[in-house]
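# Fold and contact review
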Amino acid sequence: MAEIFPDEGLDIVLNIFPRGGSNLTTTYIGLWTSFTASTVGSSSQTRSSYTETDFGSYARQSIAAASWGAIAAGTGGRKTTAGQVTFPTATGAGTSAINGFGVYNALTLGSLVFSANFDDTTAVSIASGDTIRVTPTIQYNN
């Protein structure tokens, strides 16, 4: 599994701490089909490099700041996990397999804060009637 805070995501984090900017009270999770089931983009690649899935009824879902849990030990760092997010039931199949998720600062467009593959590095194909659930986890490594 790969994960990354691309440069545009690091800009958001650094504008909050240490610069004292406004915290994101809501973030948004989206599903992308770019790259592979075990790779993510480079640090210079922005949200536009991550093609979001196109299954029928797909929409980014909100994550309230309060949904993120206690900070805990991760593999080589610290992590936090949000409550499981359920995407709308597909009303049509997606044209490409889903390789991972991104956390964004806006419901549409905006910037990509963080991106990761699924833990099992398996792509997910969506057919009509399918529902996908994701438990977002963000980790900082030391």
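Scroll up for the structure.
This structure is a prediction, so every number in the text was calculated from the model and none was measured.

### As for the overall build of the protein chain
When helices and strands are counted, the protein chain shows one helix and 10 strands. When the elements of the protein chain are put in sequence order from the N terminus, they spell out β-α-β-β-β-β-β-β-β-β-β. Computed over its C-alpha atoms, the radius of gyration of the protein chain comes to 15 Å, within 12% of the 14 Å expected for a compact globule of 142 residues. Seen through its C-alpha atoms, the protein chain measures out along the principal axes to roughly 45 × 30 × 25 Å. Summarising the internal contacts of the protein chain: among those between residues at least 6 apart in sequence, 76% fall at separations of at least 24.

### Considerations on the nonpolar core
Residues L31, F55, F87, F101, I132 and V134 are the most contacted members of the largest nonpolar core, which totals 23 residues. Counting only elements with at least two residues in this core, the list comes to strand 2 (26–32), strand 7 (100–104) and strand 8 (112–117). Counting residues per element, this core draws most heavily on strand 8, at three residues. The residues contacting I132, other than those within four sequence positions of it, are L31, F55, V85, T86, F87, I98, F118, V124 and I126. Judged by nonpolar contacts, the second largest core, of seven residues, contains A2, V40, Y50 and L112.

### Structural notes on the packing of aromatic side chains
Applying the stated rule across the entire model yields eight aromatic pairs. Aromatic pair W32 and F35: ring centres 6.0 Å apart, planes at 85 degrees, arrangement edge-to-face. Using a relative accessible area of 30% as the deciding quantity, one classes F35 as partly exposed. Seen in terms of ring centroids, W32 and Y50 are 5.3 Å apart; in terms of plane orientation they differ by 75 degrees. Their pairing is edge-to-face. Highlighted residues: W32 in strand 2 and Y50 in the loop between strand 2 and strand 3 (61–64), separated in sequence by 18 residues.

### Considerations on the pairing of strand 8
Along any regular strand the residues' side chains alternate between the sheet's two faces. Counting buried residues along strand 8, six of its six residues qualify, which places the element largely inside the surrounding structure. Here strand 1 (residues 3–4) pairs with strand 8 via two bridges, running antiparallel. Note that in strand 8 the partner of I4 across the bridge is S115.

### Considering the sheet that holds strand 7
Read from one edge of the open sheet, five strands run 1-8-7-2-3, paired in antiparallel fashion. On the outer flanks of this sheet lie strand 1 and strand 3, each paired with one strand and no other.

### Topic: the side chain of R60
Mapped onto the fold, R60 is located in the loop between strand 2 and strand 3. Of note is the side chain of R60, whose polar atom sits 2.6 Å from the side chain of E52. Within the structure, R60 has its side chain in polar contact with the backbone oxygen of A106 (distance 2.7 Å). Leaving out residues up to four positions away in the same chain, R60 has contacts with Y28, I29, G30, R47, E52, F87, Y104, A106, L107, T108 and L109.

### Comments concerning the side chain of S34
Residue position: S34 is located in the loop between strand 2 and strand 3. From its side chain, S34 meets the backbone nitrogen of T51 in a polar contact 2.6 Å long. Among all residues touching S34, those that are not within four sequence positions of it are S49, Y50, T51 and N99.

Criteria and cut-off values
- Residues numbered from 1 in each chain as written.
- Predicted model: local features only at pLDDT ≥ 70, side-chain atom pairs only at ≥ 80, totals over all residues.
- Heavy atoms only, no water.
- Helix = DSSP H or I, 4+ residues; strand = E, 2+ residues; numbered from the N terminus.
- Rg over C-alpha atoms; globule rule 2.2 N^0.38 Å.
- Contact = heavy atoms within 4.5 Å.
- Core = buried A, V, L, I, M, F, W, Y, C linked by side-chain atoms within 4.5 Å.
- Buried < 20%, exposed > 50% of the residue type's maximum accessible area, 1.4 Å probe, protein only.
- Phe/Tyr/Trp six-rings, centres within 6.5 Å; stacked < 30°, edge-to-face > 60°.
- Pairing = 2+ DSSP bridges.
- Polar contact = N/O pair within 3.5 Å; in protein donor to acceptor, adjacent residues only side chain to side chain.

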